[in-house]
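A look at the structure
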Amino acid sequence: MASHGITDQIALVGMGCTRFVEHWDMGLDDLIVRAATDAYESAGIDKAAVDAYWFGTAQGGMSGITLARPLQLQNKPVTRVENYCATGSDALRQACYAVASGAYDVAMAVGAEKTKDSGYQGLNAVPVPNDGTGRTLTAAAMFSMVGPAYGEKFGVSDSDMRTAMAHVAEKNHANGAKNPLAQFRREVSAETICASPKVAGDLGVFDCAGVADGAAAAIICRAEDAHLYTDNPLYVKALSLVAGNGSGLTDQSYDYTTFPEIAACAVDAYEQAGVGDPSARIAMAEVHDCFTITELVLMEDLGFSERGTAWREVLDGRFDLDGDLPINTDGGLKSFGHPVGASGLRMIYEAWLQLRGEAGPDRQVDSITAERNLALTHNLGGYPGEMVSFISILGSTLD
Amino acid sequence: MLGRLRAVRGITAWGSYLPFRRLDRAEIAAVAGKGGGRGTRTVASFDEDPTTMAVEAGRRALGGASVVVDTLLFGSVNPAYADKTNATAVHSALRLSDSSGAFDLGFSTRSAVAGLLLAASGTGTTMVAAADIRVGRAGSADEAAGGDAGTAIVIGNDVAESPVLAEIVGTASRTAEFIDRWRTPGEPFSKMWDDKFAQVTYTPLAVESYDSALVAAGVGRPDVSSVAVSGPTARIAGAIANVLGAAKTLDDLSSSVGQCGAAQPALLLAHLLESSSPGDVVALVSLADGVDTIVLRITDAIVAAADRRGPTVAAQAASGAPVRYGKFLAWRGLLEIDPPRRPEPQRVSATAAARSDAWKFGFVASVDPSTGDVAMPPARVSNDGERVDEMVEHPMSDAAGTIVTFTIDRVAYSPSPPIVFAVVDFDGGGRLPLELCDCDEDEVEIGARVEMTFRRLYTVDGIPNYFWKARLARG
């Protein structure tokens, strides 16, 4: 068994990201064209220079043709990728491995999703014909079981849990308010968050990520070629993916206070990147805040906080924009909404801006130092007990 | 006494199921401006139908009894399917033998009694299941007087492992063609002619049927300790009971349960048996397009069988919890509630359902013999990924469990939102996230005990999606 990683073999040299909003006037094709065009420009190349494409969309369309047609790619290999909410991230991962293998010189990962054409609330998976015995709950309901279990296990009162979860939303909305690409650009008070109508269990409307349309794209090449395209590339330090076996749903020992797939994914990612103490090396992170409680527990599964302490560190402001370890500096899923195929690449885009010092004076974090110079992005797809986890670690220098 | 020329044949097991909810009839007139009355009626939940209630009654009939059913007969005036047999779903959920037959009895209120008479005159062991959900227009007599119930009566020969508890000693039928109650197939509501006409028509038929059955049984009217009369209305049934002159007329449960359609005679039969003692001669008289009488003699074996049966009809009638009239109307599809802005479920795949028949209908999981790990749904590969196709079937429908955690989903699609949902750990292994039924939000708590019940999750494209839910064990 081995997970060798491709540390410092691959560089990101161009990126594009649309606004994530309810794009009533844009279809999937429009979103793809916008993000891809911005990425080509960012890398200073023509699309003919890209040898191969990986296209992440959960439900935007089938096959690589869904990307090749709107971009009018001429006889290029395009692979459509789907891996729940890690779809866009996994598109990047596969593109990186393809270039690292030597098969291609330049590749592009595109993630796009048009969610708002369904007319429904929330995100909706296209059902596979089945025997009708599966769970029919919303993601909110599944994640709503985590907070009470966490509070019970670690002796955190309901009101402390409620306040900590509210702070996650308050922080991410404050970050999003500063970000022109975000959907929701208003600060929201903890009081409003706590008082919002309940969706499932104790999760209110403001504990849940929104829904949006959007697209993002990244162009990659071998690390040694990076300076052909840009003076300040990002280097891939780790790409880790774990697809859970669903055992948490039926395992009597699973207690809903942690996401084991993510903990395992983090171990692999840190090993690939040679990161010992994540808090000493990671300067900022974009994590999958589908619900406020999710982000809180992720701080522990990603190794940023000791077990049972994340709620306190959240309240202490450690993960705020000006905190020791800023989390979801762009506003996260909370402010952006979640176009499934695009979100992973949107997170990478924020790491791209922050590590290159391009986030702007309002938003640029000051936690990045010579020793502590890595960014982490994390996606999860699925539910407690049954999820996919993706982690990337990126840096602006070669080790 | 001379030796018997034929095997002793009669009832070897029975079970009844009254749904959890009760409608207070006094609520009806406040909304409808008419109708209602005194007492309550039973109300099947939104996720129940005649098939699921027959399954629940059947499970109780088979509970603890060493009965091998050769034939299943199922009667309902309003079954889930036409053209397709409904009894097969009951057969599958009860995990009856593949070599047993399962047949529907037809759509009239006479169907359950027909099944009992067929079973009495036949051979082998037959389960006669009957269930109905009774509806009527808002404010109508049918709405208030109707009730919902499921029943299962097992008839077979007297053998050591399943002795006859009530010997069928005489039967007699009278048939007449006249317009009493009727309904056009596909229409939701039944109609009724002037019930005085029904009463005068049934009266002589009842007397003839009853007396003929007593003659066949070799007993006289004074020998009958109790008679149960199942009729289209409580008034007609009561009037005819008076004419028959039995020592005692069984309470017809009209003030607590209501008239349960095809299930009514079988429900009263179960109530009759539960109210009787060894040696009693009792009679069931059913008024439906004629009159059928069954005379039974209670055997000593009924005493020993009592403690392995499910709850009695009387105990069920005395329990339950209220449902408001508005929700009752919504559950019956008579008041349309705005659904969540979420996709409705898709129809069940016939092929996928056929492959998972044991799990979907029988709630049969698998267990890994080398570790004892229970896989729900059943799995081919062991939980640790090491062994393939070494699992064995592990029936879980009778397993009890404990709520580990739970939530209320206010957004997910449900025919009756919100969904109460719990993670359940089963005694002896196995965990499954399950929808809870028959409970209010504030009743659920971590550590609560639950049991499994067969339900209809939803219906799409005319296909009811049957599967199991958990319900609070209410002792």
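Keep in mind that this is a model prediction, so the values were computed, not measured. (Residues numbered from 1 in each chain as written. Chains lettered and ligands numbered in written order. Predicted model: local features only at pLDDT ≥ 70, side-chain atom pairs only at ≥ 80, totals over all residues.)

With that settled, consider the interface of chain B and chain A. Counting residues at the interface gives 34 residues for chain B and 30 residues for chain A. Of the residues assigned to the side of chain B that touches chain A, the class counts are 20 nonpolar, 7 polar and 7 charged. (Contact = placed C-beta atoms within 7 Å. Nonpolar A, V, L, I, M, F, W, Y, C, P; charged D, E, K, R; others polar.)

Residue and element names in this part refer to chain B. Direction vectors running N to C along helix α6 (residues 195-217) and helix α7 (residues 234-244) enclose 35 degrees, while the axes themselves pass 10 Å from each other. Handedness of the α6/α7 crossing: right-handed. Where α6 abuts α7, its residues D195, A198, Q199, Y202, T203, A206, V207 and Y210 lie against R235, I236, A239, I240, V243 and L244. When its residues are assigned to classes, the contact of α6 with α7 shows 10 nonpolar, 2 polar and 2 charged. (Axes fitted to C-alpha atoms, helices over the stretch in contact; angles between N-to-C directions. Helix = DSSP H or I, 4+ residues; strand = E, 2+ residues; numbered from the N terminus. Left-handed = near helix turned anticlockwise from the far one by under 90°.)

Residue and element names in this part refer to chain B. Averaged over chain B, the pLDDT score is 94; the fraction of residues at 70 or greater is 98%. Contacts of residues 1-5 to residues separated by more than four positions or lying in other chains number 0 contacts, the stretch itself having pLDDT below 50. Taken together, the chains of this predicted complex give a pTM of 0.94 and an interface ipTM of 0.91. (pLDDT = per-residue confidence, 0-100.)

This paragraph deals with the sheet that holds strand β7 (residues 149-157) of chain B. Residue and element names in this part refer to chain B. Across the sheet, which stays open at both edges, the 9 strands sit in the order β5-β4-β6-β7-β1-β8-β13-β12-β11 with mixed pairing between neighbours. Taken across any chain shown, the strands that pair with only one partner, and hence form the sheet edges, are β5 (101-104) and β11 (224-230). Neighbour-to-neighbour, the strand axes of this sheet turn through a mean angle of 25 degrees, independent of strand direction. Sheet topology note: the strand β8 (residues 166-175)/strand β13 (residues 290-298) ladder contains 9 bridges and is antiparallel. Counterpart to T171 in the pairing with β13 is I294. Lying over the sheet, helix α4 (residues 111-121) contacts β1 (9-17), β4 (71-75), β6 (126-132), β7, β8, β12 (281-287) and β13, oriented at roughly 175 degrees with respect to β6. Those strands touched by helix α8 (residues 264-274) are β1, β6, β7, β8, β11 and β12, and its axis lies near 155 degrees from that of β11. (Pairing = 2+ DSSP bridges.)

With that out of the way, let us pick up the nonpolar core. Counting residues in each nonpolar core, the largest one holds 282 residues, and the members touching the most others are V110(A), A217(A), A218(A), I220(A) and A129(B). Counting residues per element, this core draws most heavily on helix α14 (residues 340-355) of chain A, at 10 residues. When residues no more than four places from it in sequence are discounted, the contact partners of V110(A) are I32(A), A35(A), A36(A), Y53(A), F55(A), G56(A), L67(A), A91(A), A215(A) and A217(A). (Core = buried A, V, L, I, M, F, W, Y, C linked by C-beta atoms within 7 Å. Buried ≥ 20, exposed ≤ 12 C-beta atoms within 10 Å, placed from the backbone.)

What follows covers the environment of V106(A). All names here are of chain A. Structurally, the position occupied by V106 is in strand β4 (residues 106-113). A C-alpha to C-alpha distance of 9.1 Å links V106 and Y53, two positions 53 residues apart in sequence. If sequence neighbours within four positions are ignored, V106 has contacts with A49, V50, D51, I219 and C221.

Residue and element names in this part refer to chain B. On the basis of which strands lie adjacent, the open sheet formed by 3 strands has the order β16-β15-β17 and antiparallel pairing. Looking along the sheet, the strands with just one partner apiece sit at the ends: β16 (374-375) and β17 (392-395). Note that strand β15 (residues 364-367) and β17 share 4 bridges and pair antiparallel. The residue of β17 that forms the bridge with V367 is V392.

Considered for burial, the residues of helix α5 (residues 146-154) of chain A that qualify are V146(A), G147(A), P148(A), A149(A), Y150(A) and G151(A). Those residues of α5(A) that are buried are in contact with α4 (139-144), α6 (158-177) and α11 (292-301) of chain A together with β18 (401-409) of chain B.

Most peptide bonds adopt trans geometry, and most residues besides glycine take a negative phi value. Residues and elements named next belong to chain B. In this chain, M376 is followed by P377 through a cis amide linkage whose omega measures -5 degrees. Tracing the backbone through its elements, the reader meets P377 in the loop between β16 and β17. A cis amide bond links P417 with the next residue in sequence, P418, at an omega value of 0 degrees. On the secondary structure map, P418 appears in the loop between β18 and β19 (419-426). Its identity as a non-glycine residue notwithstanding, F363 has a phi of 55 degrees, on the positive side. The buried category is assigned to F363, around which 24 C-beta atoms lie within 10 Å. Notably, D389 is not glycine yet its phi reads approximately 60 degrees, a positive angle. In this structure, D389 sits in the loop between β16 and β17.

Residue and element names in this part refer to chain A. The interhelical angle for the contact between helix α3 (residues 87-100) and α14, taken along N-to-C directions, is 65 degrees, at an axis separation of 5 Å. Counted together, T87, G88, S89 and L92 of α3 and V340, G341, A342, S343, G344, L345 and I348 of α14 form the full contact between these two elements. Split into classes, the residues belonging to the contact of α3 with α14 amount to 5 nonpolar, 6 polar and no charged.

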